[in-house]
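# A structural walkthrough
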Amino acid sequence: MQDLYHQQLLEAAENKKNFGELADFDGEATSYNASCGDTVSIRIKLTSNGKQIESVGWTGTGCIISQAAMGQLSDYVVGKQVSDIMAMGAGEILELLALSKIAPGRLRCLLLGLTTIKKILQEKNT
Amino acid sequence: MFDEERVRRDFPLLWRKVHAKPLVYLDNASTTQKPQAVIDAITNYYTHHNANIHRGVHQLSDESTQLWNQARAVVAGFFGAEEDELILTRNTTESMNGIAYGWADHNLTKGDVILVSYMDHHSNLVVWQEAAKRTGAKVVFVNLTAEGEVDLHDLKEKLAEGNVKLLTLTYVSNTLGSVCPLQEIITLVDEQAKKGKIKPRIVVDGAQAAGHLPVDFSRLGVDFFSASGHKMLGPMGSGLLLVRKEILESGEMRPYFFGGGMIAAVSVEGTEFSSSLSDRFTPGTPDVASAVGLEAACNYLSALGMEAVLEHDQDLVAYALEQLQQIPEVELVGPLSVGSGSQLRRIGSVAFLYKGVHAHDVAQVLDSEGVAVRSGHHCTMPLHVYNDWVATTRASFQVYNTREEIDALVSALDKVKRIFKV
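Within any chain, residue numbers begin from 1 and follow the written order of that chain's sequence. Each chain gets a letter, beginning with A, and each ligand a number, beginning with 1, in the order they are written. It should be noted that, the model being predicted, local features are given only for residues of pLDDT at least 70 and side-chain atom pairs only at 80 or more, the latter also being counted only at that level, while totals for whole chains, interfaces and linings use all residues. Each side-chain value is worked out from all heavy atoms of the structure, with water and hydrogens disregarded.

## Details of the nonpolar core
Stated precisely, the cut-off is as follows: Take the buried residues of types Ala, Val, Leu, Ile, Met, Phe, Trp, Tyr and Cys, join any two whose side-chain atoms come within 4.5 Å, and each joined set is a nonpolar core. Think of it in three bands: residues with accessible area under 20% of the maximum for their type are buried, residues over 50% are exposed, and the middle band is partly exposed, with areas taken using a 1.4 Å probe on protein chains only. In DSSP terms, a helix is any run of H or I states spanning at least four residues, a strand is any run of E spanning at least two, and both are numbered starting from the N terminus. For every domain, the bounds stem from an assignment made automatically or drawn from a database. Two residues qualify as a contact provided that any one of their heavy atoms is within 4.5 Å of a heavy atom in the partner residue.
Counting residues in hydrophobic clusters, the biggest one holds 83 residues, and the most contacted among them are Phe79(B), Leu115(B), Leu155(B), Tyr171(B), Phe225(B), Leu240(B) and Val399(B). Sort the elements by how many residues they give to this core and helix H11 (residues 288-304) of chain B lands first, with eleven residues. In this structure, this core is formed jointly by two domains, domain 1 (4-34 + 305-416) and domain 2 (42-300) of chain B, each of which donates at least three residues. Residues contacting Leu155(B), with those up to four places away along its chain left out, are Leu115(B), Val142(B), Val150(B), Leu167(B), Ile185(B) and Leu188(B). If you look at the next biggest cluster of nonpolar residues, it comprises 71 residues, including Ala69(A), Leu121(A), Ile327(B) and Leu409(B).

Below, the structure written as structure tokens:
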């Protein structure tokens, strides 16, 4: 159990990076994890050419996995290419959280932030 | 009361370990484990009797038909209903959809109200939202009291508006555990009817009541009753809908699935439906094995005695409430006492918030100790929003659970405190 809830993860959920609303943003979305009550609302500011993420702000409540994942992810994506983020999956999020695996029942918690960011980026692209 | 240890021996799955710890299965409100008698009934059906019903003149078809009819008779009898009043379904959700498509679509219109409550399971809510869209009726919510019971005062006021055509009630809440005072509510409905108001049809979601307390449909005074077989020791894919006979006979409720097996005659011009009520609502080849399995579950519960099953449930719920209330981080939801006699307040489960820790994280730690519980919304999102709960953790019980397992839950909660340094 300590393997899952290791110190770094608990700290990541406690000190949520980029937590708060962005006033200046290009896209936003809110997602729910209907089965467990997790929720994240994300706002993203892109660089002027629209190809990179300049800043991210988010708010939300939920389990440690969803909140730690969102916090670490929000930090990771800043400065990254939109196309690289669109190619991310569960493996990369596990790496950000220093986890080797996750139970199928927690996969949606793990991916809530990433799918929401992708949703925003996709809407900006279309 | 019966001997739990003897009962436990009948459930082979309970013998296994989880994470090298003895399994403590407290997720019975989601689905229950199955006794050997149910597993054997299904195996026996497929090993010796499998054939399509009603269609063949050969021996196997005869046997299968007889087993189907016998299963229907036992299941109907278990719930105090006539065989003609029983429609076998896959689960409560399918039963609710049956009422919506078979009854609501033909009897509701613009201006009618479907009265629901904040505690209703999505299966007893989403179907009505959709039926409202189709018919022009409106879904109105009845408030709850602070302890999570239907607010009878608010219910009375909403009934007095005179436009309620359908009233849906949750017999036992899957999240709050609270028991609906059906008799009191039926009296309220009758009083309104005497004043010349429309008498609404009453739907009861019995998913968490079936297999927990005796149910006598003939004396319940409601029009529709839905339940899931798999939540009462029966197989997955077994459920039931009871409909008062006169509603079926008069054609007030119509078939909602069509095809073979439910017809009297089919011609190029059209179809005459079967005059047999039991056939009219069961088109296509039914799941005979599940019906036979559900019959075995009913027989198993009847042998224990439903009064004894209820007594055992009440002992566990009261003990769980008492133990959990001693943990400062635990905030229980729903009534804090079980009540008694005709004033039963709580059945089957205890759900709670754990201070500072999300329900999913609580459940994950409990799982590491072999304790299986449910966490999240439990398909009652409006209830969670109404109370401003992010998510709750629920322990729910069945005939094979013991006080020692509740102790195991309580000590596993200690680990939650340690890991998250609450």
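That was the structure; now back to the text.
## Focus on the packing of helix H12 (residues 306-324) of chain B against helix H15 (residues 403-420) of chain B
Residues and elements named next belong to chain B. Test applied: Lines are fitted to the C-alpha atoms to define the axes, a helix being fitted only along its stretch in contact, and any angle between axes, read from their N-to-C directions, falls within 0 to 180 degrees. Here roughly perpendicular refers to angles of 65 to 115 degrees, roughly parallel to angles under 35, roughly antiparallel to angles over 145, and oblique to all remaining angles. Handedness of a crossing is defined here by the sense of rotation of the near helix relative to the far one, left-handed for an anticlockwise turn of less than a right angle and right-handed for a clockwise turn. Under this grouping Gly is polar, as are all residues other than the nonpolar Ala, Val, Leu, Ile, Met, Phe, Trp, Tyr, Cys and Pro and the charged Asp, Glu, Lys and Arg.
Closest axis-to-axis distance for the H12/H15 pair is 10 Å, and the angle between their directions is 25°. On the basis of the axis angle, H12 is roughly parallel to H15. Considering only the axes of H12 and H15, their crossing is right-handed. The residues of H15 that touch H12, namely those facing Asp-315, Leu-316, Tyr-319, Ala-320, Gln-323 and Leu-324, are Arg-403, Ile-406, Asp-407, Leu-409, Val-410 and Leu-413. Taken together, the residues of the contact of H12 with H15 sort by class into eight nonpolar, one polar and three charged.

## A short note on the interface of chain A and chain B
The line we're drawing: Buried area: the accessible area, evaluated with a 1.4 Å probe, that two parts lose upon being put together, summed over both parts. A carboxyl oxygen of Asp or Glu within 4 Å of a side-chain nitrogen of Lys or Arg is what we treat as a salt bridge.
Contacts between the two partners involve 19 residues from chain A, matched on the other side by 16 residues from chain B. Buried area between chain A and chain B, summed over both chains or domains, comes out near 1,300 Å², and the portion from carbon and sulfur atoms is 62%. Put simply, chain A and chain B have one salt bridge between them. Mapped onto the side of chain A that touches chain B, the elements with two or more residues apiece are helix H1 (7-14) and helix H2 (64-77) of chain A. Residues of the side of chain A that touches chain B, tallied by class, amount to ten nonpolar, seven polar and two charged.

## Focus on the sheet that holds strand S18 (residues 374-376) of chain B
All names here are of chain B. The test is simple: Strand pairing follows a simple DSSP-based rule, namely that at least 2 bridges must link the two strands.
One open sheet accounts for four strands, arranged S13-S16-S19-S18; its pairing is antiparallel. Each edge of the open sheet carries a strand with a single partner, namely strand S13 (330-333) and S18. Taking each pair of neighbouring strands and ignoring which way they run, the sheet shows an average axis angle of 30°. With four bridges connecting them, strand S16 (residues 349-354) and strand S19 (residues 392-396) associate as antiparallel partners. Bridging from a neighbouring strand, Ala-351 pairs with Arg-394 of S19. Most of the contacts of helix H13 (residues 359-368) go to S18, to which it runs at about 160°, and overall it touches S16, S18 and S19.

## Things to note about the pattern of salt bridges
Scanning the model with the defined rule gives 28 salt bridges over all chains in all. With its nearest N and O atoms 3.9 Å apart, the salt bridge here joins Asp26(A) to Lys45(A). Here Lys45(A) lies in strand S2 (residues 38-46) and Asp26(A) lies in the loop between H1 and strand S1 (27-33), a separation of 19 residues in the sequence. Of the residues examined, Asp26(A) reaches a relative accessible area of 31% and is grouped as partly exposed. Looking at Lys45(A), the relative accessible area reads 17%, which means it is buried. Notably, a salt bridge pairs Arg345(B) with Glu149(B), separated by 2.9 Å at the nearest N-O pair. Linking Arg345(B) in the loop between strand S15 (343-344) and S16 with Glu149(B) in the loop between strand S6 (138-142) and helix H6 (152-160), this pair joins segments that are 196 residues apart in sequence.

## Section: the environment of Thr30(A)
Residues and elements named next belong to chain A. The criterion, for reference: Within 3.5 Å is the distance limit for a polar contact, defined as a pair of N or O atoms, with the added protein rule that one can donate a hydrogen and the other accept it, and that residues adjacent in sequence qualify only through two side-chain atoms.
On the secondary structure map, Thr-30 appears in strand S1. Excluding residues that lie within four positions of it along the chain, Thr-30 makes contacts with Thr-39, Val-40, Ser-41, Thr-116 and Lys-119. Separated by 2.8 Å, the side chains of Thr-30 and Ser-41 make a polar contact.

## Brief notes about the domain arrangement of chain B
How large an interface is tends to be reported as the accessible area lost when its parts come together. Residue and element names in this part refer to chain B. What the domain assignment reports for chain B is domain 1 (4-34 + 305-416) and domain 2 (42-300). Computed from C-alpha coordinates alone, the two centres of domain 1 and domain 2 are separated by 27 Å. Of the residues lining the interface, 41 residues belong to domain 1; the matching set on domain 2 comes to 32 residues. Summed over both sides, the interface between domain 1 and domain 2 buries roughly 3,100 Å², with carbon and sulfur atoms accounting for 57% of that surface. When the buried area of domain 1 at its contact with domain 2 is split by residue, Met-306, Ile-347 and Tyr-386 rank highest and sum to 20% of it. Among the ionic pairs, Glu-147 bridges to Arg-345, the shortest N-O distance being 3.1 Å.

## Some points on the packing of aromatic side chains
All names here are of chain B. Rule in force here: Two rings belonging to Phe, Tyr or Trp (six-membered ring only in the last case) form a pair when the distance between their centres is within 6.5 Å. Interplanar angles under 30 degrees mark stacking, angles over 60 mark edge-to-face geometry, and anything in between is tilted.
All chains considered together, the criterion is met by 13 aromatic pairs over all chains. Ring centres of Tyr-118 and Tyr-386 lie 4.1 Å apart, and the angle between their planes is 25°; on these two criteria the pair is classed as stacked. Taken together, the residues Tyr-118 in the loop between strand S5 (113-117) and helix H5 (126-135) and Tyr-386 in helix H14 (residues 381-387) connect sequence positions 268 residues apart. A relative accessible area of 22% places Tyr-118 in the partly exposed class. Through successive ring pairs, a cluster of aromatic residues spans Phe-11, Tyr-300 and Tyr-400.

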